[in-house]
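# Structural characterization, general
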Amino acid sequence: MLKFGFFVILGSTSALLISKVDMLMLGSYVDLENVAYYTIAFYIGNAIMIPARSINAISTPLLADASKNNDIKLIGEIYYKSSLNQLILGGVFFLCIWVNIDDVMLILHDFSPKFSGGKYVVLFIALARMVYLISGVNSSIIINSRYYKFDLLSNIPFLIFIVITNHILIPGNLVIMGVPISGINGAAFATFLSTFLFIIFKIVFVYIKFEIHPFTINTIKTILLLLGIYFLINNINLTSNLYLEIFLKSGILLLIFISLIYIMKISEDINDLIIICVRKIRLFL
């Protein structure tokens with residue numbers, strides 16, 4: 001127990017350090033004012049992690065019990081469901097943020113013009129979190145198995161890599177598709193790139209050790225649905241009032257997305273949740 005606790009505590013500590021290293025390093029390259037703008041944009045992009053926290057809290061004890069009984073089939077089922085449901089819930093959060101990002105930046109611009117420079121920070125951080133969400137309960141599977149040491153051991157090269165990428169990109173002058181990847185954008189892109197490679201590494205590790213992965217045809221359907229709704233809603237302008245525009249756009253997006261998710265029967269859990277919500281609304285009315 002002491003050995004297990006030691007590795008889990010160190011793994012959690014290293015993960016916390018990884019999540020803050022970009023902000024710590026930014027202070028060495030840019031003024032503290034820009035760090036403040038980065039932090040605001042970071043937490044806007046990080047908001048899509050809210051559903052994952054609840055799903056992980058529910059899944060972890062189930063995974064621990066399944067690991068104890070060596071029930072790989074149940075672990076695989078939880079893995080798949082967590083990935084799909086996190087993709088659906090996190091994806092719709094991401095869409096609501098990104099289709100309204102220009103309006104959000106205009107609102108923040110009233111407080112300080114420099115806030116508008118955080119648009120692509122929101123994008124890169126949100127994409128990094130989407131990569132994390134699509135990996136499902138990958139980390140919990142590792143921690144609750146005999147390979148729990150890997151969680152800490154994999155965080156060490158991840159931390160080194162994210163430090164190196166921040167060191168290169170923050171003071172650099174790279175441009176990708178017209179977007180300058182330097183300063184606060186560089187820090188956010190370093191986080192996205194590091195997270196992407198790290199998550200792929202862990203997914204491959206779980207597949208090699210357990211012969212399970214979280215992807216099915218429904219994963220592809222969900223991604224295509226998210227992209228389709230984005231291109232449909234993104235260029236719609238309904239009113240000149242920024243606050244009303246955000247409310248209306250988000251409302252239309254949610255209505256279309258929830259309806260299509262239900263009709264396409266992509267996730268049984270989400271469909272059950274929709275049915276429960278509809279019944280409660282009917283009782284309320």
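Residues numbered from 1 in each chain as written. Predicted model: local features only at pLDDT ≥ 70, side-chain atom pairs only at ≥ 80, totals over all residues. Heavy atoms only, no water.

For the rest of this paragraph, the subject is a nonpolar patch on the surface. Taken together, the side chains of F161, F196, L197, I200, V204, Y207 and I208 make up a nonpolar region of the molecular surface, amounting to roughly 630 Å² of accessible area. For the nonpolar patch, the element with the highest residue contribution is helix 9 (residues 183–210), accounting for six residues. Among the secondary structure elements, Y207 is positioned in helix 9. Residue classification places Y207 among the partly exposed residues on the basis of a relative accessible area of 45%. (Patch = residues over 30% accessible without salt bridge, like charges linked within 9 Å, V, L, I, M, F, W, Y side chains within 5 Å. Areas by Shrake-Rupley, 256 points an atom, 1.4 Å probe, with all protein chains shown as cover. Salt bridge = Lys/Arg side-chain N within 4 Å of Asp/Glu carboxyl O. Helix = DSSP H or I, 4+ residues; strand = E, 2+ residues; numbered from the N terminus. Buried < 20%, exposed > 50% of the residue type's maximum accessible area, 1.4 Å probe, protein only.)

The next thing to look at is the pattern of salt bridges. Opposite charge on two side chains lets them pair, provided their charged atoms get close. Scanning the entire structure with this criterion turns up three salt bridges. Residue K68 is joined to D65 by a salt bridge in which the shortest nitrogen-to-oxygen separation is 3.7 Å. Taken as a pair, K68 and D65 lie in helix 3 (residues 50–68) at a separation of three residues, close to a single helical turn.

A word on the confidence of the model for the chain. Residues at a pLDDT of 70 or more form 96% of the chain, whose mean pLDDT is 85. When mean pLDDT is taken per element in the chain, helix 10 (residues 217–233) scores highest with 93 and helix 1 (residues 2–29) scores lowest with 73. (pLDDT = per-residue confidence, 0-100.)

By size, the foremost hydrophobic cluster in this structure holds 76 residues, and its most contacted members are Y38, F124, I141 and F257. The residues touching I141, leaving out its near neighbours within four places in the chain, are L63, I75, Y79, V206, F210 and I212. (Core = buried A, V, L, I, M, F, W, Y, C linked by side-chain atoms within 4.5 Å. Contact = heavy atoms within 4.5 Å.)

Let's shift gears to helix 6 (residues 119–134). In an α-helix, one full turn covers 3.6 residues, which means residues spaced three or four apart are oriented alike. Taking 1.5 Å of rise per residue, the 16 residues of helix 6 would be expected to cover 22 Å, and the 23 Å separating its terminal C-alpha atoms lies within 8% of that figure. For helix 6, the tally of buried residues reaches twelve of 16 residues, placing the bulk of the element in the interior. Listed as buried for helix 6 are V121, V122, L123, F124, I125, A126, A128, R129, M130, V131, L133 and I134. Once helix 6 ends, the next one or two residues include G136, with phi positive near 65 degrees. (Expected span 1.5 Å × (residues − 1).)

Packing of helix 4 (residues 72–98) against helix 11 (residues 242–264) brings their axes to within 10 Å, and their N-to-C directions diverge by 155 degrees. Classified by the angle between their axes, helix 4 and helix 11 sit roughly antiparallel to one another. At the point where helix 4 passes helix 11, the crossing takes the right-handed sense. On helix 11, the residues touching I88, V92, L95 and C96 of helix 4 are S250, L253, L254, F257 and I261. Within the contact of helix 4 with helix 11, the residues separate by chemical class into eight nonpolar, one polar and no charged. (Axes fitted to C-alpha atoms, helices over the stretch in contact; angles between N-to-C directions. Parallel < 35°, antiparallel > 145°, perpendicular 65-115°, else oblique. Left-handed = near helix turned anticlockwise from the far one by under 90°. Nonpolar A, V, L, I, M, F, W, Y, C, P; charged D, E, K, R; others polar.)

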